[in-house]
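Architecture and fold: a report
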Amino acid sequence: MSDEDLLFAELKAAERLPSPQGVALKVLELSSREDTPLEDIARLIQTDPALSARVLKFANSPLIAPRRPIVSLHEALIRIGLKAARALVLSLSLLSRHPIVQCPAFDYPRFWAKSLARAVALSQLAERRRALAPEEAFVLGLLSRIGQLALATAWPEEYARCLREAQGAEDLTALERKYFALDARKLTGFLFTDWKLPEVFVDAIAAEPAPEEASDPRTQTLAFQLALAERLAAWCLGEEEAPDLSSIGIAKEQAASFLEDLKTAYHAWAKLLEVPTDFPRPKAQAASTEASLPGLDILVVDDDPLTLARLKKPLADLGHKVRTCTSGPEALQEILRQPPELVLTDWSMRPMDGLTLCRTLRESDWGKRLYLIMLTANETEDALVEAFEAGIDDYLVKPINLKVLSARLRAGQRIVHLQQELAKERSELELKAKELTLLSRKLEQLANTDLLTGLPNRRYAQQRLVQELAQARRYGRPLSAMILDLDHFKSINDTLGHAAGDAVLKHAAQVLQNALRASDVLCRWGGEEFLAIVPNADLAAAGKLAERLRQALAAKQPKALALRRPVTVSIGVGACPPARDLDSLLHAADQALYRAKEKGRNRVELA
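Residues numbered from 1 in each chain as written. Predicted model: local features only at pLDDT ≥ 70, side-chain atom pairs only at ≥ 80, totals over all residues. Heavy atoms only, no water.

Describing the side chain of Arg118
Convention followed: Only DSSP runs of H or I reaching four residues or more are called helices, and only runs of E reaching two or more are called strands; each is numbered from the N terminus. Note on definitions: a residue-residue contact is assigned when non-hydrogen atoms from the two residues lie within 4.5 Å.
Tracing the chain through its elements places Arg118 in helix H7 (residues 108-128). Not counting the four nearest positions on each side in its chain, Arg118 is found in contact with Gly141, Leu142, Ser144, Arg145, Leu226, Ala229, Glu230 and Ala233.

Put into structure tokens, the structure is as follows:
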């Protein structure tokens, strides 16, 4: 296993990578089995209303080119195809999940907006030259830069430093390798493999920097399309000029039509998947603590369209992301689908008033984290007491004064920011705890492992013998132990050097390990000696096994070394009973080994 593989395994074990959650995770697990009926997957998706709605929207989208609208998830899965549906569910799960610990320099909205533009562009390119089905190309485009999100999730502060230092894409890749020992492209491939996405996805990601070097024509085509889709996505976001499309057979006079269709499809998809396509920035303010606070995700709830229209633009101009709902039930569905940070709700609404909405939110775990501001025309003492008992954090009297509203929102920003900081600290502590657990396991493994041969060491052997002896006594089973000593080992060190001696030890360890039973344990006992723990074997059975080990080593010699004599082993075997305790068992095996040495070596002796 390479260093990159080990690093990925550690990140995955520490849960520091983007990963599907809840229903999406269960769908991935269920759909990985070839015999799973589509009905079972459809029933599972139906338990998540938001996911169900998005899958149905995808199935009815122009990308799939439906002949008639469908409302059945089962039909949707048939239309999309299980492979594409599986990847789609994964994509939607990652798209809707926001990390608790955010990377300061990573623009999450722009990342997903560009990912979506890339997905639409790649699906349209796939329609012109079909290296993949358009729906599969869409998913590949959406997730092809997921390694960047993974690095921002795993090392938020360190990756922010990379992003600030990088002068371009190639420079960023070099910095990623410098700081993390693997780059975002490689990490994307690891994630695709872990999620069991098609192998051609992994090959295309790896080949994208140099498509012409890919050996497989399909991979070459897909890598070229992926590189072009990246440039088209940058054009959609206004980051660069439109690329030359003559390489895909589009003449200059047709290019404008292609680009216009692409931008139209991109905005349609952004609306369908609720991905922002503009990125408002807060207006310049006086240098203060409030000015440095990020804008809030605000949900405004009011049954008066004029009030919603009057509030939406000023709040957006202050740098906030604003969504609106015209009723309490609609607000509950929206909050369940994508929780905001602050809810600004009117009191007098039908059929559910603002007071009932606040009580309902505070009764749920996710609603307790929201900051609630009530809009009311009633400022009586009893009414305000009732509102605060229902769970509001603040209130504002109608008619709304925008200057006062801005001040109340700044108070909300401070509270939300503090909550996020606490959540970040808690998440970081949890990550540190997991890292310490992993480190503890590694240290324990190192403490019990012989670094040269990779076998358990003497410390582990003694602990394991105590355990096996206790089991043997409890269940009345035999237990045997062998001490194995390589013959004439000192002469190898003296004539060929310690490097050759180390090579012989590693070779012998591998041969002896392969010759043992699965239930047996081979340990490095010290120097050129090994200890084999042989449970459920009496002296005679252990003796036969020892002879098999001796013959295996004699038959398989290290080829790379010019040895004066073949590598052989002398073995002493002890058993319990008649040895009644650990010391007597080891003493019996050691005495038997002494006799094997006396009788000429390369032999087995029983206690």
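Notes on the pattern of salt bridges
Applicable threshold: What makes a salt bridge here is a side-chain nitrogen of Lys or Arg within 4 Å of a carboxyl oxygen of Asp or Glu, nothing more. Residue exposure (1.4 Å probe, protein chains only): buried if accessible area is under 20% of the type maximum, exposed if over 50%, otherwise partly exposed.
A full pass over the atoms with the stated rule returns 30 salt bridges. Two residues, Lys114 and Glu230, come together in a salt bridge whose shortest N-O distance is 3.4 Å. Of this pair, Lys114 sits in helix H7 while Glu230 is found in helix H14 (residues 217-236), placing the two residues 116 residues apart along the sequence. Here Lys114 falls in the buried class, since its relative accessible area comes to 17%. Residue Glu468 pairs with Arg464 through a salt bridge whose shortest N-O separation is 3.0 Å. With Glu468 and Arg464 both in helix H21 (residues 458-475) and 4 residues apart, the pair spans about one turn of that helix.

As for the nonpolar core
Put simply, the rule reads: Note on terminology: a nonpolar core comprises buried Ala, Val, Leu, Ile, Met, Phe, Trp, Tyr and Cys residues joined through side-chain atoms within 4.5 Å.
Membership of the largest hydrophobic core comes to 87 residues, with the highest contact counts inside it found for Leu116, Tyr159, Phe192 and Leu232. At 12 residues, the largest contribution of residues to this core is made by H7. Here Phe192 is in contact with Leu140, Leu143, Ser144, Ile146, Leu197, Phe201, Val202 and Ile205, once residues within four sequence places are set aside. With 30 residues, the next largest nonpolar core counts Val504, Leu512, Ala542 and Val567 among its residues.

Focus on the sheet that holds strand E6 (residues 479-486)
Rule in force here: Pairing between strands requires that DSSP locate at least two bridges from one strand to the other. Only C-alpha atoms enter the line fits that serve as axes; for helices the fit covers just the stretch in contact. Angles between N-to-C directions range over 0 to 180 degrees.
Spatial strand order, E7-E8-E6-E9-E10: 5 strands in an open sheet with mixed pairing. Strands with a single pairing partner mark the edges of an open sheet, and in this sheet they are strand E7 (521-526) and strand E10 (604-606). Across this sheet, the average inter-strand angle for adjacent strands is 20°, counted without regard to direction.

Looking at the environment of Lys57
In this structure, Lys57 sits in helix H4 (residues 49-59). Sequence separation between Lys57 and Ala76 is 19 residues; the distance between their C-alpha atoms is 9.2 Å.

What to know about the pairing of strand E8 (residues 529-535)
For E8, the buried fraction is high: 6 of the 7 residues fall into the buried class. As paired strands, E6 and E8 are joined by 7 bridges and run antiparallel to one another. Counted as the bridge partner of Leu484 is Phe530 from E8. Where E7 and E8 come together, 5 bridges link them in antiparallel fashion.

Some details on unusual backbone geometry
Cis geometry marks the peptide bond from Arg350 to Pro351; its omega dihedral reads 0°. Following the sequence through the fold, Pro351 ends up in the loop between strand E3 (342-346) and helix H18 (354-362). Of the consecutive residues Lys398 and Pro399, the connecting peptide bond is found in the cis state with omega at -5°. Within the element layout of this structure, Pro399 appears in the loop between strand E5 (394-397) and helix H20 (402-447). Phi at His488 takes a positive value of approximately 55°, unusual for a residue other than glycine. Mapped onto the fold, His488 is located in the loop between E6 and helix H22 (489-496). Here His488 falls in the partly exposed class, since its relative accessible area comes to 32%. The phi dihedral of Asn536 falls on the positive side, at around 55°, and the residue is not glycine. Counting through the fold element by element, Asn536 comes out in the loop between E8 and helix H24 (539-555).

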